[in-house]
Amino acid sequence: MRKWMIAGAVVIVLAGGGYLGAQAYSSQRFDSEIDKLVARLDARPGWQVSRDDIDSGWFHSSGRIEARYMASTDADPVLVEVPYEAGHGLLETTLDGEAQVRGSDGETLFGDVLKSEGPLTWHGRFLTRDQKLEAHFTLPGFSQTVSVPASEVPGEVPGEGGAGETTAPRDMQLEFDGFEMDIEQAGDKVTLNGQAPSLRLADDRSDILIENTTLSGTFAGDEQAFQQSVTLAIAAATVTPAGGPSVVSKDLGYTLDAKLDPQQLTLHVQADVGDTRMRDQSMFNGGLELTLDHVDGDGYRGLAAALDDNLPRIQAAIDADDDQALESAMAPLRPSMKKLLAGSPRLSLDRLTANSPMLGMKMRGQGELGIDGNGIESWNFDTMGDEAMGRELTRRLDGQLTLDGAPAILLMYLGLPMSSDPLQIKLADGVLEINGQQMPLLP
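The residue count restarts for each chain, going from 1 along the sequence in the order it is written. Given that the model is predicted, a residue must reach a pLDDT of at least 70 before its local features are reported, and side-chain atom pairs must reach 80 or more before they are shown or counted; all residues, however, enter totals for whole chains, interfaces and linings. To get the side-chain values, all heavy atoms of the structure are used, and hydrogens and water are removed first.

A. Local environment of the overall build of the protein chain. Only runs of H or I of at least four residues qualify as helices and only runs of E of at least two qualify as strands under DSSP, and these elements are numbered from the N terminus. A count of helices and strands for the protein chain gives six helices and 23 strands. Note on classification: 1.4 Å probe, protein chains only; a residue is buried when its accessible area is under 20% of the maximum for its type, exposed when over 50%, partly exposed between these limits. For the protein chain, the residues scored as buried account for 28% of the 443 residues in total. Two residues form a contact once any of their heavy atoms are found within 4.5 Å. Here the contacts in the protein chain between residues at least 6 apart in sequence split such that 50% fall between residues at least 24 apart. A total accessible area of about 25,900 Å² is found for the protein chain, and carbon and sulfur atoms account for 56% of it. The protein chains shown are the only cover counted for residues, whose accessible areas, like all others here, come from Shrake-Rupley with a 1.4 Å probe.

Encoded structure:
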């Protein structure tokens, strides 16, 4: 009997040791992932990221992540505060926290600038065995009045001395019903899905209502190679000008797909507007698809890295309106820009549709525009003037566009007969050709 009691005690001790070992592993793994995140963010130019108030235990951890944006030209940097609480279990760690952004004067984004009931909050879990993070973010809604400063609208006819119109300061009402987002990360792949019920902006000129907005996306890879897709969809947008009828657009959508591999960067953009009506009469629907390819992969990576390294200088020069400082800050980007152009990038219009029952329009279009990059890497930007560079780039452009069912107003603007269908536009060797009529673009 005694030996069985001893054996049982050994089993209990081993089980308890295994449990505590698993708890220790879960806690250690969580801390390791947080340290990696902080180090990765801190390595980005213009940011100082740290973790303090750390309390690490086998069953519970807490702390606060602080991120300061140092690239700003303000006297004090913007501060992002993210306090968190974590509970460690055998198979998962549960997470809870919030996020607040403070300006140089201590003013908070959530509470002072945006009159929300509290900061952005989040909760989730980290699955230890699967190395998978699942999180849910909630931004509370708000309703407030903001002051829109005076602004100048340029005159309708440029270059004729018109001073334009100066709009008076006015109040605008903002009503936001909040935003929620789910984020999942497994390895180098991140998936997100978010939704916002409604956003309303109203002043004495117009009332804009945006309803049922969704945001979704997937991201995989890193700065060297990645594949990502982002989709923004709006179920309905209503614009009501003061004293006028409402214009309602349904099913607005925007999608961006991007892929960077060792050879090139490829982008594909799709934008669509569903049925747009005024006083129950259909006015417009349409969309387009664009593809950018032949973008040199090494050129893009070099440009992205140079932009990160020099962004504080570029921003400071822009804020100071200093052209000479801006030119100096942009100089490190030039080698990568030349490499991008040397790859002969091409922009293709894969699809263009524009339908208007009210105007009797049903237009379709497709085309492409490219640049001959042969020899561009040998250019010397320091000795090549802007005018000479512009002429050489114009000469290297090559493209064509075909529009079926082009609207009459466009044909009239181009000085073409109403029977000009399809409308064909070509560009080569610095000469623009519209339905056979040539227009030299270079002297």
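Continuing now.
B. Structural view of the packing of aromatic side chains. The criterion for an aromatic pair is that two Phe, Tyr or Trp rings (for Trp, the six-membered ring) have centres within 6.5 Å, with stacked assigned to planes under 30 degrees apart, edge-to-face to planes over 60 apart and tilted to the rest. In total, this model carries three aromatic pairs according to the counting rule given. With 5.3 Å between their ring centres and 45° between their planes, phenylalanine 142 and phenylalanine 176 make a pair best called tilted. Of the two residues, phenylalanine 142 is situated in strand β7 (residues 142-148) and phenylalanine 176 in strand β10 (residues 170-176); the sequence distance between them amounts to 34 residues. Phenylalanine 176 shares its class with phenylalanine 142; the two are buried.

C. Local environment of helix α5 (residues 386-396). Burial in α5 covers these residues: Met389, Glu392 and Arg396. With its buried residues spanning 65° around the axis, α5 presents them on a single face. Among the exposed residues of α5, those oriented more than 90 degrees off its buried face are Asp386 and Glu387. Its buried side turned inward, α5 meets β19 (361-371) and β20 (397-404). What the arc describes is the spread of directions from the helix axis to the C-beta atoms.

D. The arrangement of the packing of helix α2 (residues 297-320) against helix α4 (residues 334-342) in detail. Axis angles are defined between N-to-C directions and span 0 to 180 degrees, where every axis is a line fitted to C-alpha atoms and, for a helix, only to the segment in contact. For the pair α2 and α4, the least separation of the axes is 8 Å and the interaxial angle reads 155°. Between α2 and α4, the crossing angle belongs to the class labelled roughly antiparallel. In this structure, α2 crosses over α4, and the sense of that crossing is left-handed. Together, Asp298, Gly299, Tyr300, Gly302 and Leu303 of α2 and Ser336, Met337, Lys339 and Leu340 of α4 make up the contact between the two elements. Each residue is assigned to one class: nonpolar for Ala, Val, Leu, Ile, Met, Phe, Trp, Tyr, Cys and Pro, charged for Asp, Glu, Lys and Arg, and polar for all the others, Gly among them. Taken together, the residues that form the contact of α2 with α4 break down as four nonpolar, three polar and two charged. Comment on the angle field: the value is read as roughly parallel under 35 degrees, roughly antiparallel over 145, roughly perpendicular from 65 to 115, and oblique elsewhere. Each crossing is labelled by how the near helix is turned from the far one, with a counterclockwise turn of less than a right angle marking it left-handed and a clockwise turn marking it right-handed.

E. Quick look at the pairing of strand β18 (residues 346-356). As paired strands, strand β17 (residues 281-296) and β18 are joined by nine bridges and run antiparallel to one another. When the bridges of β18 are listed, glycine 287 appears paired with threonine 353. Strands qualify as paired when DSSP identifies two bridges or more between them.

F. Molecular detail of unusual backbone geometry. The step from aspartate 421 to proline 422 runs through a cis peptide bond, and the omega angle for that step is 5°. Within the secondary structure, proline 422 is located in the loop between α6 (408-413) and β21 (423-428). Unusually for a residue other than glycine, asparagine 212 sits at a positive phi of about 55°. Within the secondary structure, asparagine 212 is located in strand β13 (residues 206-221). Taking the relative accessible area as the measure of exposure, asparagine 212 reaches 48% and is therefore partly exposed. Positive phi outside glycine occurs at histidine 294, with the angle close to 60°. Topologically, histidine 294 is positioned in strand β17.

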